[in-house]
Amino acid sequence: FIADALGGQGTARQVIRHYLLTGFYEDHVRTYRKRPIYWLVSSGKKNGFKALFYLHRYQPQLLEKILSEYVPARYHRCLSRLEALQGITVSTAAEKLQHSKAIGKLTEQLAQIASFEEVLRPLAEQRIQLDLDDGVKVSYAKLQKVLQDI
């Protein structure tokens, strides 16, 4: 039902996943008039790392958990994909072009994840407290360096 409402091509799982990766956050920010209750931790435009969290469930150790568990897992998945792609030989020109684009994208994502760790680490070590009474605008500014712009 949800996949049909969203439209798109592929299986229901693929349609929903694509929406969560590409359209959900923009729709959410628009719905909540730039005061979202779900926040997107993002490494940048190359989509090296992204993670959503619910503001009301935020704990000071959340960024530390992201840094120690989720970022390395994403890095190793990208690295494994890159190594697998580098081991594949392609024959046609179209396949070679697509193959080189995929390798380039993964290489950029790996570099972005590595630089994102350097930005995330100091914030994780600070264990920043957020007071919901301060409002989204004030709280968002405290973690702005690692959050998607709104």
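See above for the structure.
So, a few notes on the structure that sits alongside this text. All residue numbers here refer to positions counted from 1 along the written sequence of the relevant chain. Only residues with pLDDT of at least 70 are given local features in this predicted model, and only at 80 or more are side-chain atom pairs given and counted; all residues enter the totals for whole chains, interfaces and linings. For side-chain calculations, the full set of non-hydrogen atoms in the structure is used, while hydrogens and water are omitted.

### So, the layout of surface pockets
Of the voids in this model, the largest pocket is the one considered here, and its volume is about 1100 Å³. At the level of elements, helix H2 (12-22), helix H3 (24-31), strand S1 (38-42), strand S2 (50-54), helix H4 (62-86) and helix H5 (93-126) are the ones that each hand at least two residues to the lining of the largest pocket. Put simply, DSSP marks the helices as runs of H or I at least four residues long and the strands as runs of E at least two long, and each gets a number from the N terminus on. The greatest single-element share of the lining of the largest pocket, amounting to eight residues, is contributed by H5. Note on residue categories: nonpolar means Ala, Val, Leu, Ile, Met, Phe, Trp, Tyr, Cys or Pro, charged means Asp, Glu, Lys or Arg, and polar means any other residue, Gly included. Considered class by class, the residues forming the lining of the largest pocket number 16 nonpolar, 11 polar and 10 charged. In this analysis a 1.4 Å probe is tested at points of a 1 Å grid over the protein atoms alone, and where it fits but cannot get out there is a cavity; an open set with protein on both sides within 12 Å along at least five of seven lines is a pocket; lining residues have an atom within 4 Å of a point. Grid points are joined across faces, edges and corners, and a volume is the space filled by probe spheres set on the points.

### What about H4?
Here the expected span of a helix is defined as 1.5 Å times the quantity of residues minus one. The end-to-end C-alpha separation of H4 is 35 Å, in line with the 36 Å expected for 25 residues at 1.5 Å each. Bend angle per residue: angle between axes fitted to the 7 residues ending at that residue and the 7 residues starting there. When the local axis directions of H4 are compared, the greatest deviation, roughly 30°, occurs at Tyr-70, which is followed within four positions by the proline Pro-72. In this structure, the buried residues of H4 make contact with S1 and H5. Any pair of residues with heavy atoms lying within 4.5 Å of one another is described as a contacting pair.

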